[in-house]
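Structural description and commentary
Here is what each chain is made of, one letter per residue.
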Amino acid sequence: MPYRIAKTFEIESGHQLSKHPEKCRFPHGHSRKVEVVLAADALDAHDMVCDFKAVKLLLADFLARWDHALAINTADPQFAYFQQTYGERVVAFRDTDPTSEVMAKAIFDELQRRLALPRDAGGYAIGAGVRVERVRVTETSSSWAEYSA
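Residues numbered from 1 in each chain as written. Predicted model: local features only at pLDDT ≥ 70, side-chain atom pairs only at ≥ 80, totals over all residues. Heavy atoms only, no water.

**Some remarks on unusual backbone geometry**
For D47, which is not a glycine, the phi torsion comes out positive at approximately 60 degrees. Mapping D47 onto the fold places it in the loop between β2 (28–40) and α1 (52–66). Notably, D95 is not glycine yet its phi reads approximately 55 degrees, a positive angle. Examined against the element boundaries, D95 turns out to sit in the loop between β4 (90–93) and α3 (100–115). (Helix = DSSP H or I, 4+ residues; strand = E, 2+ residues; numbered from the N terminus.)

And the structure:
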């Protein structure tokens, strides 16, 4: 059985779900928690899966891009307006609504991509056996979505 660690991030982000039949089709925001779980079959030389700070350094800039930003489907009729008005604070999701499920997969994929790069996060080494197990995005106090491979 593998060892697991979890790191939680908090971001404020908005989204607009153009395919939604009710209120969620309008811009609205959430105080989101993003929980990433990493696993390894063996511990490193420091008796860790990896240092929690390494996980923070690995994802900080990616999640900062989503913090205080509006995630929107590129096919939404309002996409061009929001992008022109808010520029870099708009996070485009190509032809898909940025649901919590879609966001969880996007974070999973990005973390997996970053783990495949040279594994030294700001001086904190991450062993070759470390892998992403799952990503959970909490949207409200009672609702979350999760993605795992």
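Next comes the rest of the account.
**Concerning the side chain of D76**
Tracing the sequence through the fold places D76 in the loop between β3 (69–73) and α2 (79–86). Notably, D76 is buried but unbridged: the nearest opposite-charge side chain belongs to R25, and the N-O separation is 8.9 Å. Within the local environment of D76, its side chain forms a polar contact with the side chain of Q16, the two groups lying 3.1 Å apart. Only 2.7 Å separates the side chain of D76 from the backbone nitrogen of Q78, close enough to count as a polar contact. Ignoring any residue separated from it by four or fewer positions in sequence, one finds D76 in contact with Q16 and S18. (Buried < 20%, exposed > 50% of the residue type's maximum accessible area, 1.4 Å probe, protein only. Lys, Arg positive; Asp, Glu negative; His and termini not counted. Salt bridge = Lys/Arg side-chain N within 4 Å of Asp/Glu carboxyl O. Polar contact = N/O pair within 3.5 Å; in protein donor to acceptor, adjacent residues only side chain to side chain. Contact = heavy atoms within 4.5 Å.)

**Some details on the pattern of salt bridges**
For the structure shown, the criterion picks out ten salt bridges. Note that E146 is salt-bridged to R136, the shortest N-O span being 2.9 Å. Taken as a pair, E146 in strand β8 (residues 143–148) and R136 in strand β7 (residues 131–140) lie far apart in primary sequence, ten residues in all. Shared partners join several salt bridges into a network, and the residues in it are E35, R134, R136 and E146.

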